[in-house]
Amino acid sequence: MPIPGKLLTTAMAVMPHIDVDQALNAALSLDIPFWPQLPNYNYYEDMYVQASEHFPGILLDLENRTLRFSLDKFIEEFEAAQARFDDPAYFDISPTYSVVYHRFLELDLSDRPAIRGQLEGPISFGFNILDQDERPILFDDTIRPFMFEFMAKRINVQLKRLKEQNTNAFMFVDEPGLQFLFSAMSGYEDHKAKKDMDDFFAMIERPRGVHLCGNPDWDFLLNTDLDVLSLDVFSNGEIFASYANSIKRYLMRGGILVWGIVPTGFEDFSNANISLLGKQLENIWAQLVRKGIDLDMMLHQSLLSPATCCLINPDKEKTVEKAFTMINELSEFLRKKHGFA
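Residues numbered from 1 in each chain as written. Predicted model: local features only at pLDDT ≥ 70, side-chain atom pairs only at ≥ 80, totals over all residues. Heavy atoms only, no water.

1. Re the packing of aromatic side chains
Turning to step 1, where the next piece is worked out: Taken as a whole and judged by the stated rule, the model has 24 aromatic pairs.
Turning to step 2, where the next piece is worked out: Their ring planes at 35 degrees and their centres at 5.8 Å tell us that F146 and F150 sit as a pair that is tilted. Taken together, the residues F146 and F150, both in helix α7 (residues 143-165) and 4 residues apart, mark about one turn of the helix.
Turning to step 3, where the next piece is worked out: Its relative accessible area of 8% is what places F146 among the buried residues.
Turning to step 4, where the next piece is worked out: Following the ring pairs from residue to residue traces out a cluster consisting of F55, F69, F74, F78, F85, Y90, F91, F125, F146 and F150. (Phe/Tyr/Trp six-rings, centres within 6.5 Å; stacked < 30°, edge-to-face > 60°. Helix = DSSP H or I, 4+ residues; strand = E, 2+ residues; numbered from the N terminus. Buried < 20%, exposed > 50% of the residue type's maximum accessible area, 1.4 Å probe, protein only.)

2. Some details on empty space enclosed by the protein
Turning to step 1, where the next piece is worked out: Under the definition given, this model contains 1 cavity of 30 Å³ or more.
Turning to step 2, where the next piece is worked out: Each pocket or cavity is described by its volume, and for the largest cavity that value is around 60 Å³.
Turning to step 3, where the next piece is worked out: Lining the largest cavity are A11, M12, V14, M15, P16, T264, P306, T308, C309, C310, V320 and F324.
Turning to step 4, where the next piece is worked out: Residues of the lining of the largest cavity, tallied by class, amount to 10 nonpolar, 2 polar and no charged. (1 Å grid on protein atoms, 1.4 Å probe; cavity = no way out; pocket = protein on both sides within 12 Å on 5 of 7 lines; lining within 4 Å. Points joined across faces, edges and corners; volume = space filled by probe spheres on them. Nonpolar A, V, L, I, M, F, W, Y, C, P; charged D, E, K, R; others polar.)

3. Concerning helix α1 (residues 20-28)
Turning to step 1, where the next piece is worked out: Restricting attention to buried positions, one finds in α1 the residues V20, A23, L24, A26 and A27. On an axial view of α1, the arc spanned by its buried residues comes to 160 degrees, and they lie on one face.
Turning to step 2, where the next piece is worked out: Of the residues flanking the start of α1, the one acting as N-cap is D19, its side-chain oxygen 3.0 Å from the backbone nitrogen of D21. (Arc of directions from axis to C-beta. Polar contact = N/O pair within 3.5 Å; in protein donor to acceptor, adjacent residues only side chain to side chain.)

4. Structural notes on the sheet that holds strand β7 (residues 228-232)
Turning to step 1, where the next piece is worked out: Read across the open sheet, the 7 strands follow the order β1-β9-β8-β7-β6-β5-β4; overall the sheet is parallel. Where the open sheet ends on each side, the last strands, each with one partner, are β1 (8-9) and β4 (116-120).
Turning to step 2, where the next piece is worked out: With respect to the sheet, α7 is in contact with β4 and β5 (170-174), its orientation differing from that of β4 by roughly 165 degrees.
Turning to step 3, where the next piece is worked out: The sheet strands contacting helix α11 (residues 233-241) are β7 and β8 (256-262), and the helix crosses β7 at an angle near 110 degrees. (Pairing = 2+ DSSP bridges. Contact = heavy atoms within 4.5 Å. Axes fitted to C-alpha atoms, helices over the stretch in contact; angles between N-to-C directions.)

5. Concerning the nonpolar core
Turning to step 1, where the next piece is worked out: The biggest cluster of nonpolar side chains holds 104 residues, and the ones touching the most others in it are F55, L229 and W259.
Turning to step 2, where the next piece is worked out: With 10 residues, the next largest nonpolar core counts I3, L8, A114 and L303 among its residues. (Core = buried A, V, L, I, M, F, W, Y, C linked by side-chain atoms within 4.5 Å.)

Spelled out as structure tokens, the structure:
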């Protein structure tokens, strides 16, 4: 498994910065760096907009910062999109849609234990992009299969480019919408959704993983053929720990867990410190050990990260950068305690 563990650090990509260099420097301060997504820098850097590039039928309004879908436009553009389905450049993120990504690709990161990229996943994309009838395109049986294949190609192309920089590159499929996928309100049948997601992940090259901050169907996710799962345990740790059997199976087959523990919200962070967060995390680990999970195996297959992204702090990027510093300090403390330093 090229994804390292042993409590090294990474983070989620969406950051509040408006300065590209400052954001990159923050990302590079972690053991496993990534290219930041900066929607406050410009709307092209928004994670949904980046995923939408070249997707037929998209209506992008930069002035009003809206992203919509037109079925008529999809039909008009579909044939041209199909003609380029074997062109990797078509599925990569262009400099227009991310200045940061291309700056990241210029860096020498070969000495890092790993590097990471990301793309918004099809569930969240499909939930959030509405068509001309105000209906999420995820529920369109014609659009959905194309969307899954399109996003899989985008992820694979980015992963290939990142592996040219560092052979241990891996990808997060960012899927905040997964917590709503199996709800009664989603309008998407359980068995159909699960099959679609299994088929989608099978199209993605390894290493492949998911990041989300909410509470999805953990049994489904942990039993999906993923290599890495990133989650917010600061808020959801007790619930996650109740899925010990699925967590054990996931770890036994080599899966990596990214424990999001340092809060990035201004108020929560102001009440946090390394001692409290370390105890909170180790209490969760202790629960899992009592349920039969080997601690040494779990820590060897664990990374640490901030708990969530945050764009709304009154101090803009300052708290987020402090959270990055704290996760590095917490990592150093725990790595020494557990014999990794």
